[in-house]
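Coordinate inspection notes
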2 protein chains.
Amino acid sequence: MTLILALDFGGTKLAAATVNAGSREWLSYERRLQGANANADTDLEIMRSLIASVLQGKKPDAIGVSFGGPVDATTGTVRLSHHVPGWENIPLKKLLEAEFGVPCSVDNDANVAALGEYRFGAGQGYDSLFYITVSTGVGGGWIINGVPWRGAEGMAGEIGHMVVDPSGPVCLCGKRGCVERLASGPYMAQDARESLLNEPQRRREKLRAESSAVRGFPPLRRLRRVPPVEQTSEGRRGEILRELVGNNLELITGKVVSEAAVAGDELAVELLYRASWGLGVGIGNVANLMNPQRFVLGGGVTKAGENFWAVLQRVARETALPEVHFEIVPAVLGDDAPLWGAVALAMIRL
Amino acid sequence: MTLILALDFGGTKLAAATVNAGSREWLSYERRLQGANANADTDLEIMRSLIASVLQGKKPDAIGVSFGGPVDATTGTVRLSHHVPGWENIPLKKLLEAEFGVPCSVDNDANVAALGEYRFGAGQGYDSLFYITVSTGVGGGWIINGVPWRGAEGMAGEIGHMVVDPSGPVCLCGKRGCVERLASGPYMAQDARESLLNEPQRRREKLRAESSAVRGFPPLRRLRRVPPVEQTSEGRRGEILRELVGNNLELITGKVVSEAAVAGDELAVELLYRASWGLGVGIGNVANLMNPQRFVLGGGVTKAGENFWAVLQRVARETALPEVHFEIVPAVLGDDAPLWGAVALAMIRL
């Protein structure tokens, strides 16, 4: 029996699990929130207690680690965490190898989740695939010829900052109309809040302009808007959103926008349309460029419902050349994708 | 001595050459125009005579072929030529292997040229690179981990049909604002012609609108327009273009647009700005997605001068994330890139 220890340093949660190589069932599994004032030291401390709990005194044969931020996968050194301070240049692989005396591999969460879906999930049997996670950010990971492609500096996969609409809204990265700016949960929530915060009349005018900008997208072949929602009175726009959060706009999240869209809120429908449009153009562009067999999409935003998927599929298909074929399927490993990927990562070293 | 026979079936020209494996100098070299009524049969007939001429009775040890159109590189079967009729499903590899009794490899010109620049040109020593040719079309070829990446169906590299401006002009492929629509020579020429054909007054108004659309691009961080050309009278716009072709607008080509831009023609400057902008966004997007070490750019349009390169470099840099590094350099093999690539392709089989 070969015992694998899989670790997941996420943005808000930490997880550890063990599995026998070849098995599809965890032997043990622990997941814990990091808390408000997390830093690299507290993360490592919590992780050590999770490890002690899942190992129960046993010694692993190999360790795989998913880290929520840029990692130099060659040396296993963390570059930084975008969520937790203190992670700059921490030699995570070395630390763990010194502590446990077994080989350890570390990579960023998108690459690791891609490997997880490839070995154990929706990508099994697809030697060239692109995994995309759409949640607080939009990230991606490559499998090419059956192995991860990390790029010359480990930065490959950044579909989130592909520009798909140069006249779109400004992204934190400084550009306009990045896929992440259009499709990530927090940005959808921010745009919803800002629309609702504006004084109603001005808002309505602004939104009409914005929404015609959204309608203006259909440049793509045969592209039509999502089937128009029941046309209620003008006043309805945003009302369902308000109701869902009891008029406390701070509570609006990407998930709330999705729920409001399913319930027919026009503002939410338009924001979600723009998100799926942006992702669809991004995926179509990637298909033209790399011609992978399959796209696997995970993350909270991809649970936004049928309309979201229908628009995404159609726009991606219309953006790709007719000769370029591919499938877009939902990820199946959910929150465990990085952990299963860490298992696969550890097994590469065995 | 290992004798390599390299063949290039282009859109307008055919070429054959021989070289001793390892040498950087052709032993023999022939290039010929296809003529007006070319078809697959006449192409093959001319190529046979070129081959006879370069071989002079010697027998090659391997054959490499660059073909100007989609190819199934696994079987060496041509799918079609976009320029010459009759090439549908011609088993070029089989034909040549039967005729010469030696191993033969066939791939499309962008992939082969990428391999040529990688082995013998501007890509030497760069194991991950993307080659882009910008001329009558915009195509690309990948080298990943030191070998060509053709994609699941041999369609990878199609940066030409990446959408970079969804509100841009309509491309033959049906989408708007593809890189090829903005940056290829024939499209630049077409846009120049159409602008000049419009009745002057209407034209001037339309152009003012179009040019503000071009100015509207600078969404990108710190992006400024090309240094404004000497502001002459309004009447100057397009006049240099007209002069260069003796007012026969049919004679306008991408090259003429480049020359007019260098000479300060405002319309030409704007068209070339849009071309370099589109290519820059495309390259920046590719850098984020694949993180290659180097981009190698060939093709006639890339000879458009310093401004073209300066805008291209800046926009690509601004589109890529700050952590993503790369170089963009001119190809060095010129028209011989496919032939040298064919040599490299043949040598893979030895």
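Brief notes about the environment of Ser23(B)
All names here are of chain B. Within the fold, Ser23 resides in the loop between strand S2 (13–20) and strand S3 (28–33). A relative accessible area of 26% means that Ser23 is categorised as partly exposed. Within polar-contact distance, the side chain of Ser23 engages the backbone nitrogen of Glu25 at 2.9 Å.

Quick notes on the interface of chain A and chain B
A common way to state how big an interface is: give the accessible area lost once the parts meet. Taken together, the contact pairs 47 residues of chain A with 47 residues of chain B. Carbon and sulfur atoms make up 62% of the area that chain A and chain B hide from each other, which totals about 3800 Å². Summed over the shared surface of chain A and chain B, the result is 0 salt bridges. Seen at the junction of chain A and chain B, the total is 18 residue pairs in polar contact (both at pLDDT 80 or more). Secondary structure elements with two or more residues in the side of chain A that touches chain B: strand S9 (138–144), helix H9 (266–290) and helix H10 (306–319) of chain A. Per element, the largest residue contribution to the side of chain A that touches chain B is 7 residues, and it comes from H9(A). Of the residues that constitute the side of chain A that touches chain B, the class distribution is 24 nonpolar, 14 polar and 9 charged.

Remarks on the sheet that holds strand S9 (residues 138–144) of chain B
Hydrogen bonds along the backbone pair up the strands of a sheet, which may run parallel or antiparallel. Residues and elements named next belong to chain B. With mixed pairing, 5 strands are arranged side by side in an open sheet as S10-S9-S8-S11-S12. Strand pairing shows two members of the sheet lacking a second neighbour, strand S10 (147–149) and strand S12 (327–330), which therefore form its edges. Within the sheet, the average angular offset between the axes of one strand and its neighbour, ignoring direction, is 25°. Note that strand S8 (residues 129–134) and S9 share 6 bridges and pair antiparallel. Bridge pairing in S9 places Leu129 opposite Ile143. Relative to the sheet, helix H3 (residues 109–120) contacts S8, S9, S10 and strand S11 (294–298), its axis offset from that of S9 by approximately 50°.

The rules behind each value
Residues numbered from 1 in each chain as written. Chains lettered and ligands numbered in written order. Predicted model: local features only at pLDDT ≥ 70, side-chain atom pairs only at ≥ 80, totals over all residues. Heavy atoms only, no water. Helix = DSSP H or I, 4+ residues; strand = E, 2+ residues; numbered from the N terminus. Buried < 20%, exposed > 50% of the residue type's maximum accessible area, 1.4 Å probe, protein only. Polar contact = N/O pair within 3.5 Å; in protein donor to acceptor, adjacent residues only side chain to side chain. Contact = heavy atoms within 4.5 Å. Buried area = accessible area lost by both parts, 1.4 Å probe. Salt bridge = Lys/Arg side-chain N within 4 Å of Asp/Glu carboxyl O. Nonpolar A, V, L, I, M, F, W, Y, C, P; charged D, E, K, R; others polar. Pairing = 2+ DSSP bridges. Axes fitted to C-alpha atoms, helices over the stretch in contact; angles between N-to-C directions.

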